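# Fold and geometry: a report
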Amino acid sequence: MKIVLDRPRCEGHGLCEEAAPQLMHLDDEGELVLDREEVDGADIALANAAARVCPVAALRVA
């Protein structure tokens, strides 16, 4: 599965990073960086959790 980020929609709230720090982080400018786009196993649950907490729906797992 793949984590898809809608970059223009992302506002850098950081809730997704808190939900899945193994998969993503905010850079020095507050921009979300996906450390891994491809996920499997337990990481799928983390990616889904990150997508659920995003207040602007900028993440999805496909």
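Residues numbered from 1 in each chain as written. Predicted model: local features only at pLDDT ≥ 70, side-chain atom pairs only at ≥ 80, totals over all residues. Heavy atoms only, no water.

## Quick look at helix α2 (residues 42–53)
With 12 residues, α2 should reach 16 Å at 1.5 Å per residue; the first-to-last C-alpha distance of 17 Å fits that figure. By the burial criterion, the buried members of α2 are D43, A47, A49, A50 and A51. Tucked into the core, α2 has its buried residues touching β1 (3–5), α1 (15–19), β2 (24–26) and β4 (59–61). (Helix = DSSP H or I, 4+ residues; strand = E, 2+ residues; numbered from the N terminus. Expected span 1.5 Å × (residues − 1). Buried < 20%, exposed > 50% of the residue type's maximum accessible area, 1.4 Å probe, protein only. Contact = heavy atoms within 4.5 Å.)

## Concerning unusual backbone geometry
Non-glycine residue A57 carries a positive phi angle of around 55°. Tracing the backbone shows A57 in the loop between α2 and β4. In this structure A57 comes out as partly exposed when scored by relative accessible area, which is 44%.

Nothing here speaks to function; it is geometry throughout.
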